[in-house]
Amino acid sequence: MNESTLHAELAGHLAQLEKDGLRRRRRTLDAPCGPLARVDGRQLVSFCSNDYLGLASDPALIDAACAGAKAWGVGSGASHLVSGHLAPHQALEEKLAAFTGFARALLFSTGYMANLGIVPALVGRGDAVFADKLNHASLIDAVQLSRADSQRYAHGDLAALERLLAASRARRKLILSDAVFSMDGDLAPLPALLELAERFDAWLVIDDAHGFGVLGAQGRGSLAHFALARAERIVYMGTLGKAAGASGAFVAASQTVIEWLLQRARSYIFSTGSSPVMACALLASLELIEHGDRRRQHLGQLTAQLRAGLAETRWQLMPSPTAIQPVIIGDNHEAMRVAGALFERGLWVPAIRPPTVPKGSARLRVSLTAAHSEAQVARLVDALRELA
Ligand SMILES: *Cc1c(COP(=O)(O)O)cnc(C)c1O
C-alpha cells in the first residue's frame, strides 16, 4: 500500500461509520462540569456526567486543589517508584485503604490503567479469566493483555459461570466483573461471585467505578452495600473520576496483593505519578463522600422520580437501582433522533450505540447526580413522555 491507499482506506471506514449512525463527535463545554452545561453559547441541563455526588466543581475540592498546588506544585516529576510518590499520594492511599476496609491501597492515574495493571499482574498464559459479557472495555482489554484464556459468561448468569469454573483445568482462575454495569446500571451478584471464587479457589477482581462513593454506608462502595467481608482473594478497584469528582483510581486489597502490584503492574511502574494536586483534592473529596448521606439520599429520590415518570412510555427501562438509568430505544438512528430532539429542548442526554452496547440496544444513558434538582428531572421526564 502506498500513502494515499492507506489514507483512502481510513476515509472509507469513516464514511461507513457516518452511514451507520456510528460516527462519534465531541462537544466543547464552556463551563465547569455541573448540571448546567454551556455548549455553543447555549445552556443545557446535562444528564451526561458520572459526577454522581456533584463534587467535580465543589468549592471544597477547588480550595484543596489550589492549596495543594501551592504546597506541592503541579507535577509529580517521575513515576511513583522513582521519585513521584509525594506525601499527599501516601496520605490518600492510607485513607482509601481505611475507608474501603482493606489492608492497603495503591493509586493509579486512571481506572483504565488500573485494570490494565491488575489483571496481567495476577494471571498469564495457562491461567483463565471468567468475565461477565457486559464488563467494561478496560477489563476486556486487560484480559487480552494478560494472555490468559478468556471465558465469558452471559450477563449475570451464575449457573453458566459455575459450569465454566467447574470445567476449567487452568492453573490459576480469576473472576472479573464490574460491580455496577456502566451501560445498564444494574449490580453484579457480588455475594454469589465471592462464594464461587471461594469454592473454585479463584481471585475475585471487582471494578467498582460506579459504586465507589455512591453505594454502601458512607459511600464505601459495592462490597459495603452487600456487607461482604474483605476476603483476601478480593481485589477491589475504585475510580476517582466519577463520584469522587476528580480523576484517578485505586486498587485496595491485602498487603501481599498490593506489594505484588507495586512490583509488577506495568501501567503503575512505567507511568508518571498523578499530580499531587489531584491527591489533595481527593483527600477533601473523601471527607465529603464520607459525610455525604444527604447527597446520596437526594440522588436516590431523583432516581425514583425518573423511574416512576418513565414507567409507562414505550421505551423500556432497565432494572437499575443506581443513578445510571438507560432508556432503551433500539435503533441507532432513532436513538440519535431522540437525543437530538432532547438537545433542541435544552436537555443533554447521550445516545450510546454499538459497539459500546450490544447491537439493537442503542439507548439514552441518563445519569443523575446529587446536584440535579427535582424540577430538572421533571423537565426531562416531560420531554421524554412527549417524544415517546
Ligand atoms: C469509567 C470506567 C473505567 C475507567 O476509569 P477511568 O478512571 O475513567 O479511566 C473502568 N471501569 C468502569 C466500569 C468504568 O465505568
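Residues numbered from 1 in each chain as written. Predicted model: local features only at pLDDT ≥ 70, side-chain atom pairs only at ≥ 80, totals over all residues. Heavy atoms only, no water.

### Digging into the site of the ligand
And step 1. What surrounds the ligand is a group of 14 residues, the closest being Gly111, Tyr112, Asp207, His210 and Lys242.
And step 2. Contact between the ligand and Gly111: an oxygen atom at 2.7 Å from a main-chain N or O atom of the residue.
And step 3. Take His210: an N or O atom from its side chain is 2.5 Å from an oxygen atom of the ligand.
And step 4. Taking 380 Å² as the accessible area of the ligand by itself, protein coverage stands at 81%.
And step 5. Of the residues forming the shell around the ligand, the biggest block, 3 residues, is contributed by helix α4 (residues 111–122).
And step 6. Grouping the amino acids of the shell around the ligand by side-chain chemistry returns 2 nonpolar, 9 polar and 3 charged. (Near = heavy atom within 4 Å. Polar contact = N/O pair within 3.5 Å; in protein donor to acceptor, adjacent residues only side chain to side chain. Areas by Shrake-Rupley, 256 points an atom, 1.4 Å probe, with all protein chains shown as cover. Helix = DSSP H or I, 4+ residues; strand = E, 2+ residues; numbered from the N terminus. Nonpolar A, V, L, I, M, F, W, Y, C, P; charged D, E, K, R; others polar.)

### Focus on the sheet that holds strand β12 (residues 347–348)
And step 1. On the basis of which strands lie adjacent, the open sheet formed by 3 strands has the order β1-β2-β12 and mixed pairing. This sheet does not close on itself; its edge strands, each paired only once, are β1 (36–39) and β12.
And step 2. Here strand β2 (residues 42–46) pairs with β12 via 2 bridges, running parallel. Bridge pairing in β12 links Ser46 to Trp348. (Pairing = 2+ DSSP bridges.)

### So, the side chain of Ser285
And step 1. By the element assignment, Ser285 lies in helix α11 (residues 276–290).
And step 2. Among the polar contacts made by the side chain of Ser285, one reaches the main-chain carbonyl oxygen of Ala244 at a distance of 2.8 Å.

### Some words on the domain arrangement of the chain
And step 1. Assigned domains of the chain: these are domain 1 (24–53 + 293–387) and domain 2 (59–290).
And step 2. Centre-to-centre separation of domain 1 and domain 2, based on C-alpha positions: 27 Å.
And step 3. Contact with domain 1, which involves 21 residues of that partner, is made by 20 residues of domain 2.
And step 4. When the two sides are added together, the surface that domain 1 and domain 2 hide from each other amounts to roughly 1500 Å², 61% of it contributed by carbon and sulfur.
And step 5. The largest contributions to the domain 1 side of the interface with domain 2 come from Tyr52, Leu53 and Arg296, which together make up 30% of the buried area.
And step 6. Summed over the shared surface of domain 1 and domain 2, the result is 1 salt bridge.
And step 7. Remark: the boundary between domain 1 and domain 2 carries 9 residue pairs in polar contact (both at pLDDT 80 or more).
And step 8. Those elements that place two or more of their residues in the side of domain 1 that touches domain 2 are α12 (293–310), β11 (324–330) and β14 (362–367).
And step 9. Of the residues forming the side of domain 1 that touches domain 2, the biggest block, 4 residues, is contributed by α12.
And step 10. Partitioned by chemical class, the residues of the side of domain 1 that touches domain 2 number 11 nonpolar, 4 polar and 6 charged. (Domains from an automatic or database assignment. Contact = heavy atoms within 4.5 Å. Buried area = accessible area lost by both parts, 1.4 Å probe. Salt bridge = Lys/Arg side-chain N within 4 Å of Asp/Glu carboxyl O.)

### Considerations on the packing of helix α2 (residues 59–72) against α11
And step 1. Relative to each other, α2 and α11 sit at 145 degrees, their axes nearing to 8 Å. Helix-helix and strand crossings are classified by hand; for α2 and α11 the assignment is right-handed. Contact with α2, carried on its side by Ala60, Leu61, Ala64, Ala65, Gly68, Ala69 and Trp72, involves Pro276, Val277, Cys280, Ala281, Ala284, Ser285 and Leu288 of α11 and no other residues of that element.
And step 2. Along the lines of polarity and charge, the residues of the contact of α2 with α11 split into 12 nonpolar, 2 polar and no charged. (Axes fitted to C-alpha atoms, helices over the stretch in contact; angles between N-to-C directions. Left-handed = near helix turned anticlockwise from the far one by under 90°.)

### Considerations on the sheet that holds strand β10 (residues 316–317)
Pairing between sheet strands relies on hydrogen bonds along the backbone, with the strands arranged either parallel or antiparallel.
And step 1. Across the sheet, which stays open at both edges, the 4 strands sit in the order β10-β11-β14-β13 with antiparallel pairing between neighbours. The open sheet has two edge strands, β10 and β13 (351–352), and neither has a second partner.
And step 2. As paired elements, β11 and β14 share 6 bridges and run antiparallel to each other. Its bridge partner lying in β14, Gly330 is registered against Ala362.
And step 3. Across the sheet, α12 is in contact with β10, β11 and β14; its angle to β11 comes to roughly 25 degrees.
And step 4. The strands touched by helix α13 (residues 332–344) within the sheet are β11, β13 and β14, with β14 carrying the most contacts at an inclination of about 35 degrees.

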